[in-house]
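Structural description and commentary
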Amino acid sequence: MERKKIEEKVKHFLIEDLEIDEDKIAPGAKLKDDLGIDSLDYVDIVVIVEKQFGFKIKPEEMAGVATLQQFCDYIESKVNHQ
């Protein structure tokens with residue numbers, strides 16, 4: 001899957017499902033601090049990613065993911081290496 005397609009899907013579910021303001025969505029945005037994603041949102045994200053990208057997020061793999069760009073990098077690495 002192309003990086004642009006991954007970024008579009010992520011942006012879409014952040015806006016539609018988590019109701020994050022589109023203006024806040026940028027590659028360097030911090031998931032917790034800038035986008036306000038909390039532990040309950042992470043549960044939703046796990047379900048959404050599984051449906052849209054076809055893999056399960058492992059919490060230990062997400063430990064170092066702090067920004068939106070890192071999150072997209074993580075998804076890209078999982079999707080393109082299955």
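A few points on the structure. (Residues numbered from 1 in each chain as written. Predicted model: local features only at pLDDT ≥ 70, side-chain atom pairs only at ≥ 80, totals over all residues. Heavy atoms only, no water.)

1. Structural notes on the overall build of the chain
A tally of regular secondary structure across the chain gives three helices and zero strands. The order of α-helices and β-strands along the chain, N terminus first, is α-α-α. Its C-alpha radius of gyration of 12 Å places the chain within 12% of the 12 Å reference for a compact globule of 82 residues. With the C-alpha coordinates aligned to their principal axes, the bounding extent of the chain is approximately 30 × 25 × 20 Å. Expressed as a percentage of the 82 residues in the chain, the buried residues total 33%. By element, 48% of the accessible surface of the chain is carried by carbon and sulfur atoms, the whole surface being about 5300 Å². (Helix = DSSP H or I, 4+ residues; strand = E, 2+ residues; numbered from the N terminus. Rg over C-alpha atoms; globule rule 2.2 N^0.38 Å. Buried < 20%, exposed > 50% of the residue type's maximum accessible area, 1.4 Å probe, protein only. Areas by Shrake-Rupley, 256 points an atom, 1.4 Å probe, with all protein chains shown as cover.)

2. Quick look at the environment of Asp38
Within the fold, Asp38 resides in the loop between helix 1 (3–16) and helix 2 (39–53). Here Asp38 falls in the partly exposed class, since its relative accessible area comes to 38%. Polar contacts involving the side chain of Asp38 include one to the main-chain amide nitrogen of Asp41, which spans 2.9 Å. (Polar contact = N/O pair within 3.5 Å; in protein donor to acceptor, adjacent residues only side chain to side chain.)

3. What about the pattern of salt bridges?
Counting across every chain of the model gives seven salt bridges. The partner of Glu8 in a salt bridge is Lys4, with the nearest N and O atoms 3.9 Å apart. Placement of the pair is Glu8 and Lys4 together in helix 1, with a separation of four residues, close to one helical turn. The class of Glu8 is partly exposed, set by a relative accessible area of 42%. The shortest N-O distance in the salt bridge between Lys11 and Glu22 comes to 3.1 Å. Taken together, the positions of Lys11 in helix 1 and Glu22 in the loop between helix 1 and helix 2 put the pair eleven residues apart, joining distant regions of the chain. Among the charged side chains, a salt-bridge network with shared partners connects Arg3, Glu7, Asp73 and Glu76. (Salt bridge = Lys/Arg side-chain N within 4 Å of Asp/Glu carboxyl O.)

No statement about biological role is implied by the geometric values presented.
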